[in-house]
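# Structural features, examined
Chain residues, written in single-letter form:
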Amino acid sequence: MPTYKIRGIDVDFPYEAYDCQIVYMEKVIQSLQEKCNALLESPTGTGKTLCLLCAALAWRKSLGGFSMGKRAWKLSDVSQSQSDGSNLPAIIYTSRTHSQLRQVIQELKRTSYRPKMTILGSREQLCIHEDVSLLHGKAQNNACRSLRRNRKKCVHYTRVAEFMKGNSQLGEEPIDIEDLVNIGKGCGVCPYYVSKEIHKDADILFGPYNYVIDHGYRDSLSFNWNNSVLIFDEAHNLEGLSEDAASFDLPSWLLLACISEAQKCVDLSVSRRQVDRSNDKLHNPDNFAILKALLLKLQKRISQVPLESKELGFTRSGPYIYELLDDLNITNDTASKLIGIVDEAVILLQEGETETESGRTKKARNTTCRLEVLGDILRKVFRNNTKDHAKYYRVHVQEVEANAVDALNGEKASRTLSWWCFNPGIAMEEFLRLGVGSIILTSGTLSPLDSFAQELKLEFPVRLENPHVICSSQIWAGVVSAGPSRYTFNSSYRNRDSIEYKQELGNAIVNFARIVPDGLLVFFPSYYLLDQCIGCWKNISHSNSTNSSTVWERICKLKQPVVEPRQSSLFLLSIEDYMKKLKDTSSSGAVFFAVCRGKVSEGLDFADHAGRAVVVTGMPFAMRTDPKVRLKREYLDQQAQSKQTECKALTGEEWYNQQASRAVNQAVGRVIRHRHDYGAIIFCDERFAHSNRQSQVSSWIQPHIKCYSTFGDVVFTLTRFFREGGIRVAPMLKSPLSKNSAELNQTLITKLPLIEGKVEPPSSDLPSLGPYGKINDITNAQSVDENYLEKILMVQNTTMDLLCRNDKSLSSVLEVKRGTTTQRKEIVPANRSSLVPSMKKQGLKLNIEKNMLTPGRKNSMYQRCEVIDLTNSPLMEEKPSAEVVVLCSSKRPRISKIEPDALPSNVVPCGEDETRGSAFLMEVQEKLSASEYKEFVGFMKALKSKAMKIGHVLQSIARLFSAPERLHLLTRFKDYLPGKYHSIYEQHLERNDEKIDSLIDRDG
């Protein structure tokens, strides 16, 4: 395992580290050594999590050894870890969900570090008690505490002390939630309390965000926060989650449910007293009657609030919430008692559910007690018994149309009382007060960093925007300002409802679906625009075409569609549907229509064929008229005006724009997920062409973004990019070449019919390369290996690289030998009736500059290709009405009119050197046997990848060509080697000549 010396600390890393990984680890260690905060962005696929773990644990290990179960263990000895010896800082590693933490722990297993660790979980995840495990929420917590207090203690809890004495080493190997549950079930101990005991002397803790952001749960941890390290992985949503965790919304339907539950508590407590005939004050019906009266009064108070208008509602500063509750006699002095009554009511309701019918126990677990929400609201308002935090809030009352429940009660409108926090830094301030040494925030999409830091009200002296580990040939990023008919793309509210915009966007997506192989992701700014566009595409056909097919029908012919559902319950089904359609060989892939800030854009991995391109159809701005957005902007503007002039503060408009940019970054991050992945990022909105917009895109994407003036340029470059895609992934394929030469030649013949711009999906027995299909079987792997072989056989400075051509592969060379020609037609914009109208009527001539025909010229990519007008024609119905001959190179050719017969149709002159290279390759295949040719392919790959010593590779190739009938190949092969290998190869030629001379002398 390699070891790297970074800022004086030896870091063990399980692999050879990339430069960007070294830089990332250096920033992590700098933050820890200097006890300062860090804001680190590193794209998905750069090994961010592994780097973070290795760097943090190496630093921690440099301060002193990890805990190894040497401490005398004592149940519930809270102060033991805090007072032990050196008080070395602990690390708290948080992420959004337990599923993400599961992946983090898998990464920890890859490292050489074995700190004392545990993962924090809730009772719902860890409880194994027969009855308590069926409950949930506060009812479950209260039931657990009650069992531990009663004489009939939880048998699993009572075994924890003895178990920990004999298993003090637990946590020295990485364990997950599932591991803890399995240990608990196997040994009969409570996993929840085993986890809590381990964390008292753990070196590193893992848990979700809310476990440290939530004030109540954080206080329950027996943990020394002083000088500790707090890591937020996948922190791009941290500011929003922090605000939401400190805010509440109380709609009228929820308030009605609380009133109903309070009445139910009255009834239950009265019935219990009648049965037991006791004066037990535990469930006093008078308390629940008071609770109901307060809720009824609150309901009336909210209904009497004067609204400025339906749009503006009623807004006051944060401290107004105390005035509102004071009218109900809910103050700092009475709030704690009221919270106690609410908690008591929750327990009573849960007990009532389980006592009613024996069969209702399981159902009770899935029921939600609304009064729990009321208890949380009171805790947020009266936390720490102070009102200082209220200045960061706004009180808002909004009126909306009554839902079905309110309508049944005779109400025409429904009101919601909201208390919104607009300072996510409140949670971060708590950590500073606790004495946390360093806070590290990291994600693949934190940009723009400035707004992130300003929002959290923290200083981040250490910052990083890391590049990706991919090379420039693995990404295509472009701004498409106009569609096939040159209608401008702009999804602002002025344009998005126009038929022309939606139809132009649909026609563009038809083209992208035709060009992009496999999976295509299309993100809309909102569900509204998603629904509007799909509805339009299903009902309207192209106005400039005789074809009656709708845009939606044409998309479905190319890729099977999946639409992101609004309901969370249907999301997993939509993902399964998408993956199933990707595997369907009857089409060329699938297209997922989704929404920025939706579930598809958050944390899902569309690696490799699952996401070859992502299309962003516009800027996902939040609705300006949304009350929460409007008030947030006003709050930030007020804060900015109150700041001193020398202190830069985030304005409402800056925040508004940067939130949209961050949503875009999150969406485009779904593709290019690892070192060998490749894909395209397509921005279909003219606003992305502005420098201020591009500056807010993730820094690793910015250098690759190009703005295209015409849609034809987009199609041209995008098609070329994906035609090279098969070559890029070839080194990853390890399928052996098992077929003989004749079978291989037949395999390499790929026929891809293209009629009027439609790509006929290849039949199942033919390989599909480039933009037409997936490389997903051995047959395709063989074809790619042959293309890869061509790429290796180069003619330095004099002969064009055989694979500089995007389209003409070995299959076409072999077909020429048989007297056939495979013509892959170049793709141009569909529905582009305005594309050089004179082309359809007159012949064209390519006025090619002489220097572009010079062999060895960089970026010269000559190929046979045919460009036709893809004007919405169905597959296999009509023949092309007009043909355009173009030269597919990195530089667009000059076009001038000539007579139709001036040049042979569909033929582009190719260099003489290219023909020589192709002929040599065919001759090699003829002269060698099938097994020898397989060896030759392997040596060529080794030559390119340098997997073997160059001298050994060249010696082996010379041996293959040493037979008398192959000596001319031995000599000619030198012409196809890079110049730096000539001297080595000449040595093998000389040795071969000496061997031949000795044979001649001996025979003579």
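Our subject is the structure listed above.
What follows is about helix 21 (residues 425-434). Structural remark: α-helix, 3.6 residues per turn; residues separated by three or four positions point the same way. Within the span of helix 21, buried status applies to Gly425, Ile426, Ala427, Met428, Glu430 and Phe431. Taken from the residues just after helix 21, glycine 435 is the one with a positive phi, measuring 90 degrees.

On to the sheet that holds strand 8 (residues 248-251), then. Whether parallel or antiparallel, the strands of a sheet pair through hydrogen bonds between backbone atoms. Pairing is antiparallel in the open sheet, where 4 strands are placed in the order 8-11-10-9. Looking along the sheet, the strands with just one partner apiece sit at the ends: strand 8 and strand 9 (314-317). With direction set aside, neighbouring strand axes in the sheet form an average angle of 15 degrees. By the bridge criterion, 4 bridges tie strand 8 to strand 11 (residues 413-421) in an arrangement that is antiparallel. Each residue of the ladder has a partner; that of aspartate 249, found in strand 11, is serine 418.

Take the pattern of salt bridges next. Applying the stated criterion across every chain yields a total of 33 salt bridges. Its salt-bridge partner being arginine 218, residue glutamate 430 comes within 3.4 Å of it at the nearest N-O pair. Separated by 212 residues along the polypeptide, glutamate 430 in helix 21 and arginine 218 in helix 12 (residues 215-220) bring together distant segments of the chain. Neither glutamate 430 nor arginine 218 differs from the other in exposure class; each is buried. With its nearest N and O atoms 2.8 Å apart, the salt bridge here joins aspartate 343 to arginine 379. Separated by 36 residues along the polypeptide, aspartate 343 in helix 17 (residues 332-356) and arginine 379 in helix 19 (residues 371-381) bring together distant segments of the chain. Here aspartate 343 falls in the partly exposed class, since its relative accessible area comes to 22%. Residues joined by salt bridges that share partners form a network here, namely Arg7, Glu26 and Glu34.

A separate point is helix 30 (residues 711-723). Taking 1.5 Å as the rise per residue, helix 30 with 13 residues should run 18 Å; its terminal C-alpha atoms sit 18 Å apart, in good agreement. Counting buried positions along helix 30 gives 12 out of 13 residues, so the element sits mostly inside the fold. Turning to helix 30, its buried residues number three or more, namely Phe711, Gly712, Val714, Val715, Phe716, Thr717, Leu718, Thr719, Arg720, Phe721, Phe722 and Arg723.

With that settled, consider the sheet that holds strand 20 (residues 705-708). Strand order in the open sheet formed by 7 strands is 16-17-15-18-19-14-20, with parallel pairing between adjacent strands. Of all strands in the sheet, those with a lone pairing partner are strand 16 (560-563) and strand 20, marking the two edges. Looking at each pair of strands side by side, their axes are set apart by 20 degrees on average, direction ignored. The pairing of strand 16 with strand 17 (residues 589-595) spans 4 bridges and is parallel.

A few words now on the pairing of strand 1 (residues 3-6). A regular strand places its side chains so that they alternate between the two faces of the sheet. Only one face of strand 1 is buried: it carries Tyr4 and Ile6, and the other face, with Thr3 and Lys5, is open. Two elements, strand 1 and strand 2 (residues 9-12), share 4 bridges in a ladder whose sense is antiparallel. Opposite isoleucine 6, over in strand 2, you have isoleucine 9 as the bridge partner. Hairpin connection, strand 1 to strand 2: the antiparallel pair is bridged by 2 residues, and arginine 7 has positive phi, about 50 degrees.

Attention shifts here to the packing of aromatic side chains. Pairs of aromatic rings are described using the distance from one ring centre to the other and the angle between the two planes. Going through the model one piece at a time under the given rule, you end up with 29 aromatic pairs. Look at phenylalanine 232 and phenylalanine 431: their rings are 6.2 Å apart centre to centre, the planes differ by 55 degrees, and that puts the pair in the tilted class. Here phenylalanine 232 is found in strand 7 (residues 229-232), whereas its partner phenylalanine 431 is found in helix 21, with 199 residues between them in sequence. Consider the rings of phenylalanine 721 and phenylalanine 722, whose centres lie 5.0 Å apart with planes at 80 degrees: the pair is edge-to-face. Assigned by exposure class, phenylalanine 721 and phenylalanine 722 land together as buried. The rings of Tyr209, Trp225, Phe232 and Phe431 are connected pair by pair, giving a single aromatic cluster.

Parameters at a glance
- Residues numbered from 1 in each chain as written.
- Predicted model: local features only at pLDDT ≥ 70, side-chain atom pairs only at ≥ 80, totals over all residues.
- Heavy atoms only, no water.
- Buried < 20%, exposed > 50% of the residue type's maximum accessible area, 1.4 Å probe, protein only.
- Helix = DSSP H or I, 4+ residues; strand = E, 2+ residues; numbered from the N terminus.
- Pairing = 2+ DSSP bridges.
- Axes fitted to C-alpha atoms, helices over the stretch in contact; angles between N-to-C directions.
- Salt bridge = Lys/Arg side-chain N within 4 Å of Asp/Glu carboxyl O.
- Expected span 1.5 Å × (residues − 1).
- Phe/Tyr/Trp six-rings, centres within 6.5 Å; stacked < 30°, edge-to-face > 60°.

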